Amino acid sequence: MKRKWWIPLLIVGLAALAVIYALLIPSIRERVNFYWQNIRAQIFYALNPPEEETFLPQASITEMVIVPSATLTQSVGPTETPSPTKTSAPEPTALPQSVALTGTTHEYQGWNNCGPATLSIALSYWGWDGDQRDTASWIKPNGRDKNTSPEEMAAFVETLPGMSAVVRYGGDLDILRALIAAGYPVIIERGLDTYNDEGWLGHYTLITGYDDIRQVFITQDALIMPDLPVPYAEIEEYWPHFNRVFIVVYAEPNEPGLMAVLGDYADALSSYQIALGYNDALVAATTGYDQYFALFGRGTSLTLMGDYTGAAAAYDQAFALYATLPEELRPWRMMWYQHGPYLAYYSLGRYQDVINLATFAMSRTSEPALEESFLWRGRAELALSDFTAAESDFRTALVWHPGWQAAMDELTNMGLVP
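Criteria and cut-off values
- Residues numbered from 1 in each chain as written.
- Predicted model: local features only at pLDDT ≥ 70, side-chain atom pairs only at ≥ 80, totals over all residues.
- Heavy atoms only, no water.
- Helix = DSSP H or I, 4+ residues; strand = E, 2+ residues; numbered from the N terminus.
- Buried < 20%, exposed > 50% of the residue type's maximum accessible area, 1.4 Å probe, protein only.
- Contact = heavy atoms within 4.5 Å.
- pLDDT = per-residue confidence, 0-100.
- Axes fitted to C-alpha atoms, helices over the stretch in contact; angles between N-to-C directions.
- Parallel < 35°, antiparallel > 145°, perpendicular 65-115°, else oblique.
- Left-handed = near helix turned anticlockwise from the far one by under 90°.
- Nonpolar A, V, L, I, M, F, W, Y, C, P; charged D, E, K, R; others polar.
- Pairing = 2+ DSSP bridges.
- Patch = residues over 30% accessible without salt bridge, like charges linked within 9 Å, V, L, I, M, F, W, Y side chains within 5 Å.
- Areas by Shrake-Rupley, 256 points an atom, 1.4 Å probe, with all protein chains shown as cover.
- Salt bridge = Lys/Arg side-chain N within 4 Å of Asp/Glu carboxyl O.
- Lys, Arg positive; Asp, Glu negative; His and termini not counted.
- Charge placed at Lys NZ, Arg CZ, Asp CG, Glu CD.
- Phe/Tyr/Trp six-rings, centres within 6.5 Å; stacked < 30°, edge-to-face > 60°.
- Lys NZ or Arg CZ within 6 Å of the ring centre and 35° of its normal.
- Polar contact = N/O pair within 3.5 Å; in protein donor to acceptor, adjacent residues only side chain to side chain.

A separate point is the overall build of the chain. Of the regular secondary structure elements, the chain holds 17 helices and seven strands. Expressed as a percentage of its 418 residues, the buried residues of the chain come to 51%. Once local pairs closer than 6 in sequence are excluded, the contacts in the chain between residues at least 24 apart make up 68%.

This is the structure in structure tokens:
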């Protein structure tokens, strides 16, 4: 019997149509993209090990003297916004041994979408019916953008009628427990050592409960699972990697009650000072890997307080220490997430250090989707009168973050059309 030649072609055609149809479904398309981007990155990092290279500032590393936090000038950096009016905290009361808040809708994050997914879970507690596609489209219009900052997440919340958010630093387990007990889920950003040899990275998670007997927080984790128990000890170990930052989303009528629970943390500047105190203690008590994060956190706290000279000294020592760490321990993604060194160095006129650090950060990634690094490199180039390079970097920042006001303002100030 003669074989019909067109049958194999029909099968191939139908299979192709099935694949095309499947890719039109957002959940399937996102999952395919997730695996493809992972494979692509793993190939790049296998051929270009990012932990092998280091950045060292050109400026000489200054001797760092740890100044007691209370004696520092209480100046606020240029990006700080006024804090809500602080409300006197009530007399301390004993917290319940365990609390479990309900009412959140869990989502598993899409590729590179930890921040937007965690934020949408937090907003669901307050009755918001969107999802991570809504948060991501505003926070990171280019889905390949590698970072979502706490401030960007809070800014999105402020666009929602009747909703607000605060970002604070220097948190501890007590304030997390107090907020949960008062009915406020808390987003934290922390370090995470991956289980698949990808190295250290940053990670957001939403805390919705705690259990003092088991010594765990209950988290809604967009990467791993809902109701994930995380030991207190793990939070204490990895939260300092991001200067103990936390975000509280709330309905505006709840603001007076929230400020009362926050106490000293109701004021942003006070939280920077608390964070600085934690980092001072860790710098003195640790070495190596842990001290690197403490030095970096010290720099971040001082940058937020407007002390750029002290911040630059701390960052200088952090980068010098980074170069001495075993390669397998180097957190080479650090500049994806935290950009205080750019502001500190730039403010001191250390423009070449800004350029070198941004170039280093972008060279350590499979895809330089780091608009903050392009922005700061462009600013430094502009300060050095390299107008062509500056324009190119500002426009590239807009590729990775379309419509980003900071980059558009730089182009406008140059007399160019964004």
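The subject of this paragraph is the confidence of the model for the chain. When pLDDT is averaged across the chain, the result is 86; 80% of the residues are at 70 or more. Of the regions scoring below 50 in pLDDT, residues 62-91 engages in 62 contacts with residues more than four places distant in sequence or in other chains.

It is worth spelling out the packing of helix α3 (residues 114-124) against helix α4 (residues 132-139) at this point. Contact geometry for α3 and α4: axes closest at 8 Å, N-to-C directions at 125°. In terms of axis orientation, α3 runs oblique to α4. Between α3 and α4 lies a crossing whose hand is right-handed. Taken together, the residues of α4 that come into contact with α3 (itself represented by Pro-116, Ala-117, Leu-119, Ser-120 and Leu-123) are Gln-132, Thr-135, Ala-136 and Ile-139. The class makeup of the residues in the contact of α3 with α4 is six nonpolar, three polar and no charged.

Now for the pairing of strand β6 (residues 228-231). Residues Leu-228 and Val-230 point to one face of β6 and are all buried, whereas Pro-229 and Pro-231, pointing to the other face, are not buried. For strand β5 (residues 216-220) and β6, the ladder comprises four bridges, and the chain directions are antiparallel. For Phe-217, the partnering residue across the bridge sits in β6 and is Val-230.

Right, let's get into unusual backbone geometry. In most cases, non-glycine residues show a negative phi, while peptide bonds are predominantly trans. Its identity as a non-glycine residue notwithstanding, Asp-227 has a phi of 55°, on the positive side. Following the sequence through the fold, Asp-227 ends up in the loop between β5 and β6. Although it is not a glycine, Ser-385 sits at a positive phi angle of roughly 65°. Mapped onto the elements of the fold, Ser-385 is located in the loop between α15 (371-383) and α16 (387-400).

Right, let's get into a negative patch on the surface. Taken together, the side chains of Glu-52, Glu-53, Glu-327 and Glu-328 present a region of like negative charge at the surface. Position of Glu-328 among the secondary structure elements: in the loop between α11 (308-322) and α12 (334-337).

In this section: the packing of aromatic side chains. Where two aromatic rings form a pair, the distance of their centres and the angle of their planes describe that pair. Tallied over the full model, the rule gives 24 aromatic pairs. Relative to Tyr-322, the ring of Tyr-292 has its centre 5.7 Å away and its plane inclined at 55°; by these criteria the two rings are tilted. With Tyr-292 in helix α10 (residues 288-304) and Tyr-322 in helix α11, this residue pair connects regions lying 30 residues apart in the sequence. Looking at Tyr-322, the relative accessible area reads 4%, which means it is buried. One residue, Arg-177, lies across the ring of Tyr-210, its end atom 5.2 Å from the ring centre. One Lys or Arg, Arg-379, reaches over the ring of Trp-376 and ends 4.5 Å from the middle of that ring.

All right, on to the environment of Ala-312 then. Mapped onto the fold, Ala-312 is located in helix α11. Judged by its relative accessible area of 2%, Ala-312 is buried. With 34 residues separating them along the chain, Ala-312 and Tyr-346 place their C-alpha atoms 9.7 Å apart. Among all residues touching Ala-312, those that are not within four sequence positions of it are Ala-344, Tyr-345, Leu-348 and Arg-350.

The next point concerns the pattern of salt bridges. What the rule picks out here adds up to 13 salt bridges. For Glu-236, the salt bridge is made with Arg-244, and the minimal N-O distance between the two is 3.2 Å. Of the residues examined, Arg-244 reaches a relative accessible area of 8% and is grouped as buried. Three or more residues are tied together by salt bridges with common partners; here these are Asp-174, Arg-177 and Asp-212.

Attention now goes to the side chain of Asn-279. Within the fold, Asn-279 resides in helix α9 (residues 268-285). Taking the relative accessible area as the measure of exposure, Asn-279 reaches 3% and is therefore buried. A distance of 2.7 Å separates a polar atom in the side chain of Asn-279 from a polar atom in the side chain of Asn-243. In this structure, Asn-279 is in contact with Asn-243, Phe-293, Ala-294, Gly-297, Arg-298 and Ser-301, ignoring residues within four places of it in sequence.

Before going further, it helps to examine a nonpolar patch on the surface. Judged by side-chain polarity, Tyr-108, Leu-223, Ile-224 and Met-225 come together as a nonpolar surface patch covering roughly 350 Å² of accessible area. Residue position: Ile-224 is located in the loop between β5 and β6. Assessed through its relative accessible area of 38%, Ile-224 is described here as partly exposed.

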